[in-house]
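Coordinate inspection notes
Below, each chain spelled out in residue letters.
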Amino acid sequence: AQSVSQHNHHVILSEAASLELGCNYSYGGTVNLFWYVQYPGQHLQLLLKYFSGDPLVKGIKGFEAEFIKSKFSFNLRKPSVQWSDTAEYFCAVLPPNAGNMLTFGGGTRLMVKP
Amino acid sequence: DGGITQSPKYLFRKEGQNVTLSCEQNLNHDAMYWYRQDPGQGLRLIYYSQIVNDFQKGDIAEGYSVSREKKESFPLTVTSAQKNPTAFYLCASSSRQGAFEQYFGPGTRLTVT
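Residues numbered from 1 in each chain as written. Chains lettered and ligands numbered in written order. Predicted model: local features only at pLDDT ≥ 70, side-chain atom pairs only at ≥ 80, totals over all residues. Heavy atoms only, no water.

**As for the state of the cysteines**
- Summed over all chains, the structure comprises two disulfides over all chains.
- Disulfide pairing is shown between Cys23(A) and Cys91(A); the S-S distance is 1.9 Å. Between Cys23(A) and Cys91(A), the disulfide has an S-S torsion of -65° and is therefore left-handed. Of the two residues, Cys23(A) is situated in the loop between β3 (19-21) and β4 (24-25) and Cys91(A) in strand β10 (residues 87-94); the sequence distance between them amounts to 68 residues. In this structure, Cys23(A) and Cys91(A) share a single accessibility class: buried.
- The disulfide partner of Cys23(B) is Cys91(B), and the gap between their sulfur atoms is 1.9 Å. (Disulfide = S-S within 2.5 Å. Helix = DSSP H or I, 4+ residues; strand = E, 2+ residues; numbered from the N terminus. Buried < 20%, exposed > 50% of the residue type's maximum accessible area, 1.4 Å probe, protein only.)

**A short note on the packing of aromatic side chains**
- Using the criterion set out here, one finds 13 aromatic pairs over all chains in the structure.
- Judged by centre distance (4.7 Å) and plane angle (35°), the rings of Tyr50(A) and Phe67(A) are tilted. Taken together, the positions of Tyr50(A) in strand β6 (residues 44-50) and Phe67(A) in strand β8 (residues 64-68) put the pair 17 residues apart, joining distant regions of the chain.
- On the basis of relative accessibility, which here comes to 8%, the residue Tyr50(A) falls in the buried class.
- A residue is classified by how much of its surface remains accessible, and Phe67(A), at 12% relative accessible area, is buried.
- Look at Tyr47(B) and Phe55(B): their rings are 6.0 Å apart centre to centre, the planes differ by 75°, and that puts the pair in the edge-to-face class.
- By relative accessible area, Tyr47(B) is classed as buried at 7%.
- Pairwise contacts between aromatic rings join Phe34(A), Tyr36(A), Phe51(A), Phe104(A), Tyr33(B), Tyr35(B) and Phe104(B) into one cluster.
- Its guanidinium or amino end placed over the ring of Phe74(B), Arg68(B) lies 5.9 Å from that ring's centre, counting from NZ or CZ. (Phe/Tyr/Trp six-rings, centres within 6.5 Å; stacked < 30°, edge-to-face > 60°. Lys NZ or Arg CZ within 6 Å of the ring centre and 35° of its normal.)

**Some thoughts on the environment of Lys9(B)**
Residue and element names in this part refer to chain B.
- Along the chain, Lys 9 falls in the loop between β1 (4-7) and β2 (10-13).
- The sequence separation of Lys 9 and Thr 108 amounts to 99 residues, and the corresponding C-alpha distance is 4.6 Å.
- Contacts of Lys 9, omitting those with residues within four sequence positions, involve Gly 107, Thr 108 and Arg 109. (Contact = heavy atoms within 4.5 Å.)

**Regarding the sheet that holds strand β3 (residues 19-25) of chain B**
Residues and elements named next belong to chain B.
- The sheet built from four strands is open, its strands ordered β1-β3-β8-β7 with antiparallel pairing. Here the strands that pair on one side only, and so sit at the sheet edges, are β1 and β7 (64-66). Each strand of the sheet is rotated relative to its neighbour by a mean of 20°, with strand direction disregarded.
- Judged from the three bridges that link them, β3 and strand β8 (residues 76-78) form a sheet pairing that is antiparallel. Directly across from Leu 21, in β8, lies its bridge partner Leu 76. (Pairing = 2+ DSSP bridges. Axes fitted to C-alpha atoms, helices over the stretch in contact; angles between N-to-C directions.)

**A word on the nonpolar core**
- Grouped together as the largest cluster of nonpolar side chains are 29 residues, with contacts concentrated most on Trp35(A), Leu48(A), Phe74(A), Leu76(A) and Tyr89(A).
- The element best represented in this core is β10(A), accounting for four residues.
- Look past the residues within four positions of Phe74(A) in its chain and what remains in contact with it is Cys23(A), Leu33(A), Phe34(A), Trp35(A), Leu48(A), Tyr50(A), Val57(A), Ala65(A), Glu66(A) and Phe67(A).
- The next biggest cluster of nonpolar side chains, apart from the first, holds 21 residues, and it includes Ile4(B), Cys23(B), Ile60(B) and Leu110(B). (Core = buried A, V, L, I, M, F, W, Y, C linked by side-chain atoms within 4.5 Å.)

**Looking at the pattern of salt bridges**
Residues and elements named next belong to chain A.
- For the structure on display, the rule yields nine salt bridges over all chains.
- Notably, a salt bridge pairs Lys 58 with Glu 64, separated by 2.9 Å at the nearest N-O pair.
- Judged by relative accessible area, Lys 58 falls into the exposed class, the value being 60%.
- Judged by relative accessible area, which is 17%, Glu 64 ranks as buried.
- Salt bridges sharing partners connect three or more residues here, namely Lys 58, Glu 64, Glu 66 and Arg 77. (Salt bridge = Lys/Arg side-chain N within 4 Å of Asp/Glu carboxyl O.)

Structural measurements only, silent on function.
See the structure below:
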């Protein structure tokens, strides 16, 4: 079945460490890609998105993601994490011909130690 | 404030009872969605509605029902036929045009015992 995979379920980092969260998808054709974040006790919110153009996308709070079409990947990165980045992160894909229905990955729970 | 409201935040029910979760949006969005969030499984689509008086099943619709009588409202009923109803339920909405960004409500945690 076609899917979105986030291989890291739990990640623990110290403050100032660099972050990379993996996201792979199995859909062919043109896809739109998203990263959402869910801070403790808060709504799920959009971190960044890729539709076309420059495959390196900048988002809020210093996050970025790189779309590598040949690898079917859209990994999320941040050079230096802060304690306030502790949250659950979800990758989502809008497959071709899906209307506006997203398929979400399983999520990665990030804990940043102060 | 524009946004999506879900009520209640926590809901407890006995097994065998139907329960309805509320979702209201004032973003003037045409499309609305219901997701179920379980640990390690991400968000799974239950039902979605692109326009008033129309809705379609998502990936895990069995045991759930919805209605879309008004643009701003999309209630979800968890029926007694749903085998594992205890979960966190998220409602979302999006514009039918443009960037397809979905906006989410705060969620309802349903516990069925």
